[in-house]
Amino acid sequence: MPALTRLADALLDRAVVPGYSKLGPALRRRWWPADPVRGSMRGRRVLVTGATSGIGTAIAEELLTLGATVHVLGRDRTRTDDLVARLTRERPGAQLHAEVCDVGDLDAVRAWAADFTSRVADLHGLVHNAGALPAQRSETAQGHELTLAVHVLGPHLMTALLADTLAADAAVVWMSSGGMYGAGLRDDDLEFTDGEYSGVRAYARTKRMQVVLAAEWARRLRGRHVYSTHPGWVATDGVTTSIPAFGKLMAPLLRTPADGADTTVWLVATRPPSRPPHFWHDRAQRPSTLGWERGQDPGTVRRFLTAVDDLAGVSGS
Ligand SMILES: NC(=O)c1ccc[n+]([C@@H]2O[C@H](COP(=O)([O-])OP(=O)(O)OC[C@H]3O[C@@H](n4cnc5c(N)ncnc54)[C@H](OP(=O)(O)O)[C@@H]3O)[C@@H](O)[C@H]2O)c1
């Protein structure tokens, strides 16, 4: 990429509003790397969580277009079966499977993974896309705060349980959020019990945790391609329901779900080389902290990883 284009791209990113809105991909499309080749995912199998809505549905649709076999995971049997029925109707011959699991329920993740690995021998892509921004604090069946469970503990456990099923060149993508720039990593109060609960703060902090976990899984799954990404600001039911004022104000500038899905699909299909901290947006690696912040304290990262391993029942290595 020529130096001037690289500068324009970086300025878009740091200026946030133009970069994260639909203007980002509209401009970057002129210089970003080539699209994945149609059919390039034939014979490759990808699991997408949070596939029943918004960005997750768009990821599943685009992967099918590229020829992949797609396992769409939802927590509600009817919604998941309805999605499979619609996509099969629209794309005769599509290789689609419905998976039902609440990723925030660690017992459900264990039971589902045992069943999945008994059916599937090799997985070429794992997309941790399920997400939630709750108004109030709530706890899962195991007593974990919801965003910690859905964004962090469930996907962490799922990755560990599927590790042996991941093909040698598999891609794992964690769908984080630009909101994580406003939250540093902490190794205390992971369950958000101190002080007044804020769903926005819990969301941002757990999205930061996802970026740190992706970098850790890149180390643990040596050889596989592990990334975190953020989709920009995307018009989805999640935005309309969880942050309606933002959704209304930004409506003319929000990306389509397909634009929000773009980088994830591109990462899974092309598996570009990546360096720590493995954070991507609009088909380019981006810094995971703001320029004036210090790097992450290694001690905090170590204590955070130990805590997450313990809470999810994963043996770290
Ligand atoms: N939209 C944006 O602007 C934006 C920006 C930054 C990051 N993101 C991230 O992108 C991802 C997708 O967001 P979206 O905007 O497409 O949201 P969405 O429309 O609300 O979709 C979220 C998906 O996650 C699923 N989900 C939630 N909790 C789950 C659980 N416990 N187990 C299994 N599935 C669960 C939902 O399933 P149900 O259908 O059953 O509810 C739904 O399919 C999220 O991780 C979000 O944080 C979005």
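Just so you know, these numbers come straight off a predicted model, no measurement behind them.

Peer 1: Mind showing me how you'd approach the pairing of strand S4 (residues 123-128) here?
Peer 2: Across a regular strand the side chains alternate sides, sitting on one face of the sheet and then on the other. The buried count for S4 comes to 6 of 6 residues, which makes it a mostly enclosed element. Relative to S4, strand S1 (residues 45-49) is paired through 3 bridges, and the arrangement is parallel. Looking at S4, one finds that Val48 is bridged to Val127. At this point the chain moves from S4, through helix H7 (residues 146-162), to the parallel strand S5 (residues 166-175), and the crossover so formed is right-handed.

Peer 1: I'm lost on the pattern of salt bridges in this one. Help?
Peer 2: A side chain with one charge may pair with a side chain of the opposite charge, provided their charged atoms come close. Counted by the stated rule, this structure contains 20 salt bridges. Of the charged contacts, one joins Asp282 and Arg28 as a salt bridge, the two residues approaching to 2.7 Å between their closest N and O atoms. With Asp282 in the loop between strand S7 (279-281) and strand S8 (284-285) and Arg28 in helix H3 (residues 23-28), the pair connects residues that are 254 residues apart, well separated along the chain. Look at Asp282 and you get buried, because its relative accessible area is 3%.

Peer 1: Please explain helix H11 (residues 257-270) as it appears in this structure.
Peer 2: A rise of 1.5 Å per residue sets the reference length of H11, with its 14 residues, at 20 Å; its end C-alpha atoms lie 20 Å apart and thus fit the reference within 8%. The largest bend in H11 amounts to roughly 30° and is located at Thr263. Of all the 14 residues making up H11, 11 are buried; the element is thus mostly covered by neighbouring parts of the structure. Taken as a whole, H11 has its buried residues at Asp259, Gly260, Ala261, Asp262, Thr263, Thr264, Val265, Trp266, Leu267, Val268 and Ala269. Of the residues one or two after H11, Arg271 is the one with positive phi, at around 45°.

Cut-offs used in this document
Residues numbered from 1 in each chain as written. Predicted model: local features only at pLDDT ≥ 70, side-chain atom pairs only at ≥ 80, totals over all residues. Heavy atoms only, no water. Buried < 20%, exposed > 50% of the residue type's maximum accessible area, 1.4 Å probe, protein only. Helix = DSSP H or I, 4+ residues; strand = E, 2+ residues; numbered from the N terminus. Pairing = 2+ DSSP bridges. Right-handed = clockwise from strand over helix to strand, strands pointing away. Salt bridge = Lys/Arg side-chain N within 4 Å of Asp/Glu carboxyl O. Expected span 1.5 Å × (residues − 1). Bend = angle between axes of the 7 residues up to and from the residue.

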